[in-house]
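Okay, here's what each chain looks like letter by letter:
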Amino acid sequence: MRAPKQTWWHWVAWLLAFAISAYAFRLAFEYSLSAHDPLAHDVQRVIERHQVSYVGDLSSQTFHRKDCPLAAQIPRRFRVMFYSRRAALEMKFNPCHHCRP
Ligand SMILES: [Zn+2]
């Protein structure tokens with residue numbers, strides 16, 4: 001019995017399978033990162049317990065007061081905490097225009 005001839009849609013199917021599995025691996029990897037991030041589980045409790053006053057965004061290099069509505073929208077993987085305004089400025093973060101920390 002002969003092997004079936006490979007046609008163009010076989011290659012498309014392989015490519016699709018590769019893309020889907022790569023996407024699934026990426027999702028699993030990002031989930032594993034967030035699952036082991038101690039800050040990700042209960043950010044509000046961490047902020048209160050450790051007296052964090054300012055929240056920074058690594059992607060835009062800006063920092064906010066912890067009660068700023070824009071601070072709540074920062075994705076977990078870009079979120080950093082600061083104890084003081086000076087610490088944030090020393091890390092070259094710019095103050096937010098909305099909450100003016
Ligand atoms: Zn802000």
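Above this text sits the structure in question.
Procedures and definitions
Residues numbered from 1 in each chain as written. Predicted model: local features only at pLDDT ≥ 70, side-chain atom pairs only at ≥ 80, totals over all residues. Pairing = 2+ DSSP bridges. Helix = DSSP H or I, 4+ residues; strand = E, 2+ residues; numbered from the N terminus. Core = buried A, V, L, I, M, F, W, Y, C linked by C-beta atoms within 7 Å. Buried ≥ 20, exposed ≤ 12 C-beta atoms within 10 Å, placed from the backbone. Contact = placed C-beta atoms within 7 Å.

Visitor: With reference to specific residues and values, describe the sheet that holds strand β4 (residues 94-95).
Guide: Read from one edge to the other, the open sheet built from four strands follows the order β3-β1-β2-β4, with strand pairing classed as mixed. Two strands bound the open sheet, and with one partner strand each, they are β3 (79-82) and β4.

Visitor: Which residues make up the nonpolar core, and what values go with them?
Guide: With nine residues, the main nonpolar core is built from Tyr 54, Val 55, Phe 63, Ala 71, Ile 74, Phe 82, Ala 88, Phe 93 and Cys 96. Leaving out residues up to four positions away in the same chain, Ala 71 has contacts with Val 55, His 64 and Lys 66.

Visitor: For the pairing of strand β2 (residues 62-65), give the residues involved together with the corresponding values.
Guide: The pairing of strand β1 (residues 54-57) with β2 spans four bridges and is classified as antiparallel. Its bridge partner lying in β2, Asp 57 is registered against Thr 62. Hairpin connection of β1 to β2: four residues between the antiparallel strands, including Gln 61 at a positive phi of 60 degrees. Note that β2 and β4 share two bridges and pair parallel. Across the sheet, the residue bridging to Phe 63 is Pro 95, located in β4.

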